[in-house]
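Reading the structure
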Amino acid sequence: MLYDAVIFDLDGTLTDSKEGILTCTRYALDKMNWPVPDEETLQKFLGPPLVDSFMRYCGMTEEQGRTGLDYYREMYQPGGWKMNAVYPGIRELLKELKKRGAYVAVATGKPQKNSERIVEYFGLSPFIDALAGPGEDEAHADKKDLIARVLPEGKKAIMIGDTAGDVKGGIDAGIDTMAAEWGYGSNADMAALRPTLTAKDPREAAELLCPGYKAPKGAFLTFEGVDGCGKTTQMKLCAERLTSMGYTVVTTREPGGCPLSEQIRGMLLSKEDNGMCAETEALLFAGARAQHIHDVILPAVEAGKIVLCDRFIDSSMVYQGAARGLGYDWVRLINRAARETCAPDRTFYIRMSHDEALRRRGAASQLDRIERAGETFFSETEKAYERLCREEPGRILSIDGNGTIGEVQQRVFAAVLNEIDR
Ligand code: Z5A
C-alpha cells in the first residue's frame, strides 16, 4: 500500500448526488417563481454553496438566496437526499483499502449530519473510520480544517477529491492528493494544482493505491418461486437499491434474457395451444438457457457485475422434472453444461402461502400454456420447491414472501446484501 490513511471527499467522489441536487434546486426555483437556468448553468450548482450559486447564476440577492436554500431543504431533507448513488467501483475500492488495513475517512463540505446519513443509507459506514463535515453551527468549513479533523498522526495520507478545492485542501494540509476525474469538478483546474496522482475512475484509483489490485468477479444470484410469489417485483427493487449503492447490476429472466432466448420464450409461453410435448418444452427451456448463459450471464459475471436472474435451472427441475413428470435426473442431464459452467452463487426462494399464490394467479387476465396447466400441476410445483430447499439448504435460501411488498423487500434485500457484501 502506498498510503496507510486515505481521505475522501463525499459529493462527486464517493457519491453522485447530481440528480438530488438538481431536482431540489429546480423545486426551490419553481417555488420562488424564478426562471430555471439552462442545463449547462444548472450543472454549475454542483459543488459550491447553494446560496452563492443562486446569487451568481440566478441573479438573486443574498436574502433571496437564503429563501431558495430553505425551499431546497424543504425537498432535500425528507427524501431528496436519497436521490444519490455511490459511483460504480467505489465500494470495491473501499473494500480493498480496508482489506489492506488502511485508515479511511471522509472530509466533506456537506453538513456533517447529512453526510453521516448518506454514508449510512448507502451502506458505506462499515468502510469509514471517521467523517468530518461542517457542524450545525458552521455555515462553511475550510477543506484544510476538515481534513485536519480526521487526519491521524504518523500515517502517510492522501486526500482524494473531484474539485480543485479538494486538491488545494490536501496540499494545504500537507498531504498527497489524488484528482478524481470521475466527479463534477474541472479536471483542468485540478491539474493546474499538480496533484500527486490522477485517476479517471475508481478502478484506476484502486490500481494506483493498491499495487496488484484486481477487480473482483461479479456474482450470479437467482430468484425462484411459484408464479405470482412476487420475485420479479422483489428482484427489481433489489436491483435499484444495489445500483444506488454502487454495484453494477444486470437484471435478466428465464426463459429469455437475450434476443434468441426471447424468441424461444414466445413459443414456450404461447397463449395458444401449440401442441408442444413435455420433452420439447424441457429441451427448449434448456436451449434458451444455454444461449442466455453464453450471451448475458457469464460475460456479465466475468466483468464484475451482479447478475440477478428471474428463474433458472431450479424452475426446470420443479416445472418439468417434477410437475411434468420428466424426472430430476433427465432434467439435470439436459442442463448439465449449464450446471457445470454457471451454477448460481445463491438462490433466493420466495415462499408464498398457497392461498395467496392462488389468489394472485386468479387475478391474471390471459393465461399462457404453462399457467393453464391446472391446480394439481401448481400444487406439484409448490411441493417440488420445498423439496429442493430441503435438499440444498446451502445454496437455496428460503425467504417468507408473505406481507406487503415493503416488508418482503426488507427480508429479501438483507439476504441479497449479505450474500454479495461479505
Ligand atoms: N418455467 C418453466 O416451466 N421452466 C423453466 O425452466 C423456467 C420457467 C425458467 C415463466 O413465466 C414461466 O415459465 C413460469 C415458469 C415456467 N410459469 N408459470 N406458471 P413468466 O416469466 O411469465 O412469469 P413467472 O416467473 O411465473 O412469474 P411472474 O408473473 O413474473 O410473477 P412473480 O415474479 O412471481 O411475481 P410479480 O410479478 O413480482 O408479482 C405478481 C403480482 O403480485 C403483481 O401484480 C405484483 O404487483 C403483485 N405483488 C407482488 N408482491 C406483492 C405483495 N407482497 N403483496 C401484494 N401484491 C404483490
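Note that the coordinates shown come from a computational prediction; the quantities given were computed from them, not determined experimentally.

Basis of the calculations
- Residues numbered from 1 in each chain as written.
- Predicted model: local features only at pLDDT ≥ 70, side-chain atom pairs only at ≥ 80, totals over all residues.
- Heavy atoms only, no water.
- Axes fitted to C-alpha atoms, helices over the stretch in contact; angles between N-to-C directions.
- Helix = DSSP H or I, 4+ residues; strand = E, 2+ residues; numbered from the N terminus.
- Parallel < 35°, antiparallel > 145°, perpendicular 65-115°, else oblique.
- Left-handed = near helix turned anticlockwise from the far one by under 90°.
- Contact = heavy atoms within 4.5 Å.
- Nonpolar A, V, L, I, M, F, W, Y, C, P; charged D, E, K, R; others polar.
- Pairing = 2+ DSSP bridges.
- Domains from an automatic or database assignment.
- Buried area = accessible area lost by both parts, 1.4 Å probe.
- Phe/Tyr/Trp six-rings, centres within 6.5 Å; stacked < 30°, edge-to-face > 60°.
- Buried < 20%, exposed > 50% of the residue type's maximum accessible area, 1.4 Å probe, protein only.
- Lys NZ or Arg CZ within 6 Å of the ring centre and 35° of its normal.
- Core = buried A, V, L, I, M, F, W, Y, C linked by side-chain atoms within 4.5 Å.
- Near = heavy atom within 4 Å.
- Polar contact = N/O pair within 3.5 Å; in protein donor to acceptor, adjacent residues only side chain to side chain.
- Areas by Shrake-Rupley, 256 points an atom, 1.4 Å probe, with all protein chains shown as cover.

**What about the packing of helix α12 (residues 259-268) against helix α13 (residues 278-302)?**
When two helices pack together, their arrangement is given by the angle between the helix axes and the distance between those axes. The geometry of α12 relative to α13 is characterised by a closest axis approach of 8 Å and an angle of 160 degrees between their N-to-C directions. Taken as axis vectors, α12 and α13 run roughly antiparallel relative to one another. As for the relative orientation of α12 and α13, their crossing is left-handed in sense. Along the contact surface, α12 presents Leu260, Ser261, Ile264, Met267 and Leu268, while α13 presents Glu281, Leu284, Phe285, Gly287, Ala288, Gln291 and His292. Tallied by class, residues from the contact of α12 with α13 come to 7 nonpolar, 4 polar and 1 charged.

**Quick word on the sheet that holds strand β10 (residues 249-253)**
Taking strand neighbours across the sheet as the criterion, the 5 strands line up as β10-β11-β9-β12-β13 in an open arrangement whose pairing is parallel. Since the sheet does not close on itself, it has two edges, and those belong to β10 and β13 (396-400), each with one partner. Across the sheet, the mean angle from the axis of one strand to that of its neighbour is 20 degrees, orientation sign disregarded. The strands touched by helix α11 (residues 231-244) within the sheet are β9 (219-224), β10, β11 (306-310) and β12 (346-351), with β11 carrying the most contacts at an inclination of about 165 degrees.

**Quick look at the domain arrangement of the protein**
As far as domains go, the protein holds domain 1 (5-14 + 84-209), domain 2 (18-82) and domain 3 (219-420). Centre-to-centre, using C-alpha coordinates, domain 1 lies 24 Å away from domain 2. Taken together, the contacts link 9 residues of domain 1 with 7 residues of domain 2. When the two sides are added together, the surface that domain 1 and domain 2 hide from each other amounts to roughly 890 Å², 55% of it contributed by carbon and sulfur. Counting the surface domain 1 buries against domain 2, the share from its top three residues, Arg117, Tyr121 and Tyr184, is 55%.

**Some remarks on the packing of aromatic side chains**
Inspection of the entire model under this criterion finds 10 aromatic pairs. Each ring, one from Phe223 and one from Phe348, has its centre 5.4 Å from the other, and the planes form 40 degrees; the classification is tilted. Placement of Phe223 in strand β9 and of Phe348 in strand β12 is noted, with a sequence separation of 125 residues between them. Each member of the pair, Phe223 together with Phe348, is buried. Ring plane angle 85 degrees and centroid distance 5.5 Å describe the contact between Phe377 and Phe378, whose orientation is recorded as edge-to-face. Under the relative-accessibility criterion, Phe377 is labelled buried at 8%. A relative accessible area of 3% places Phe378 in the buried class. In this structure an aromatic cluster arises from ring pairing among Phe45, Phe54 and Tyr57. Its guanidinium or amino end placed over the ring of Tyr121, Arg241 lies 4.5 Å from that ring's centre, counting from NZ or CZ.

**Focus: the environment of Gly185**
With respect to the helices and strands, Gly185 occurs in the loop between β7 (176-180) and α9 (187-192). Gly185 sits 22 residues away from Thr163 along the chain, and the two C-alpha atoms are 4.3 Å apart. For Gly185, the residues in contact, after removing those within four places along its chain, are Asp162 and Thr163.

**Remarks on the nonpolar core**
Leu242, Ile306, Leu308 and Val416 are the most contacted members of the largest nonpolar core, which totals 59 residues. Contacts of Leu308, omitting those with residues within four sequence positions, involve Leu221, Phe223, Met235, Cys238, Ala239, Leu242, Val249, Val250, Thr251 and Thr252. Val6, Met32, Ile90 and Cys210 belong to the second-largest nonpolar core, a separate cluster that totals 51 residues.

**Concerning the site of the ligand**
The immediate surroundings of the ligand are formed by 26 residues, with Lys231, Thr232, Thr233, Arg311 and Ser316 found nearest. Between an oxygen atom of the ligand and a main-chain N or O atom of Gly228, the distance comes to 2.8 Å. A distance of 3.1 Å separates an oxygen atom of the ligand from a polar atom in the backbone of Gly230. Computed on the free molecule, the ligand has an accessible area of 1100 Å², of which 77% lies beneath the protein chains in the complex. Those elements that provide at least two residues to the shell around the ligand are α11, α13 and α14 (313-323). If one sorts the elements of the shell around the ligand by residue count, α14 sits on top with 4 residues.

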